[in-house]
Amino acid sequence: MGLDNVAVHWPRTGRFYDPVAPAEFVDFGEIVDMPRISAPTAALAELIAKTGTVRATAYTELVDLILGLENVLYATENSAEDEDPVIDPDGCSWIADGLEKFVARHRPFGEAVTFESVSEVLRSLLGDGRLAEQQLRWLDSRLDKLRDESGEPPQWNFTCAELSVLAAFYRRCAERGFAVYADA
């Protein structure tokens, strides 16, 4: 079983969060019919359109690296007294912003989003900052942690279009005041 990010009504009323009706995301289904859309992008858009849910497992490492935190899509930063793993609308906006900015910066590197291209984009972003040397060391450390025992990088195979659809899910949640429940 993996991690699902499910759009829910915010704030909760009662003991549980109520899922958002898929009708709030039905327009994502139009993406499926776009010319030259990749199968993974179409599958993500179709799932969002039908269920208001993202199968987030495949994106966790990438999103964590892009946003610079751990377990962002698991919503694990909640305090002990807040037992629910929920990303509030402001958190959804922050995730969407980060993904949108990353995609915009990635486009000059091509449509395919790989470990190598992510590294290049992040290096170009961090290399311009005030603390560039420190941030680049942090990035190198994060990239090394993602490699397996033999030093091989993760075999990410995303596209900018797919990440744009992912960002659009979180943007929709933020704009309509929905939260995202991390269902593991």
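Quick note: structure is the one above.
Any chance you could explain the packing of aromatic side chains here in plain terms?
Here a ring pair, both rings aromatic, is described through the centre-centre distance and the interplanar angle of the planes. By the definition in use, this model includes 8 aromatic pairs. Residues Y17 and Y181 carry aromatic rings whose centres are separated by 6.1 Å and whose planes lie at 45 degrees to one another, so their mutual orientation is tilted. Of this pair, Y17 sits in the loop between β1 (4-9) and α1 (29-32) while Y181 sits in strand β6 (residues 178-183); the two residues are 164 residues apart in sequence, bridging distant segments of the chain. What makes Y17 buried here is its relative accessible area of 15%.

Is there a simple way to think about the layout of surface pockets in this case?
Any space left empty among the atoms is revealed by the rolling of a water-sized probe across them. Estimates place the volume of the second largest pocket at around 160 Å³. Lining the second largest pocket, in full, are I66, L67, W94, D97, G98, K101, F102, L122 and L125. Of all the elements, helix α4 (residues 89-106) adds the most residues to the lining of the second largest pocket, at 5 residues. Grouping the constituent residues of the lining of the second largest pocket by class yields 6 nonpolar, 1 polar and 2 charged.

What's the story with helix α7 (residues 160-175) in this structure? I'm lost.
Side chains three or four residues apart in an α-helix point the same way, a direct result of the helix having 3.6 residues per turn. For α7, built from 16 residues, the straight-helix expectation of 22 Å at 1.5 Å per residue is met to within 8% by its first-to-last C-alpha distance of 22 Å. Those residues of α7 that sit buried are C160, E162, L163, V165, L166, A167, F169, Y170, R171, R172, C173 and A174.

Looking at this structure, I do not really get the pairing of β1. What am I missing?
Two faces belong to every sheet, and in a regular strand the side chains alternate between them. Here β1 lies mainly inside the structure; 5 of its 6 residues are buried. For β1 and strand β2 (residues 53-55), the ladder comprises 3 bridges, and the chain directions are antiparallel. Within the sheet, the bridge partner assigned to D4 lies in β2 and is R55. As paired elements, β1 and β6 share 6 bridges and run antiparallel to each other. Bridging from a neighbouring strand, D4 pairs with D183 of β6.

Analysis parameters
- Residues numbered from 1 in each chain as written.
- Predicted model: local features only at pLDDT ≥ 70, side-chain atom pairs only at ≥ 80, totals over all residues.
- Heavy atoms only, no water.
- Phe/Tyr/Trp six-rings, centres within 6.5 Å; stacked < 30°, edge-to-face > 60°.
- Helix = DSSP H or I, 4+ residues; strand = E, 2+ residues; numbered from the N terminus.
- Buried < 20%, exposed > 50% of the residue type's maximum accessible area, 1.4 Å probe, protein only.
- 1 Å grid on protein atoms, 1.4 Å probe; cavity = no way out; pocket = protein on both sides within 12 Å on 5 of 7 lines; lining within 4 Å.
- Points joined across faces, edges and corners; volume = space filled by probe spheres on them.
- Nonpolar A, V, L, I, M, F, W, Y, C, P; charged D, E, K, R; others polar.
- Expected span 1.5 Å × (residues − 1).
- Pairing = 2+ DSSP bridges.

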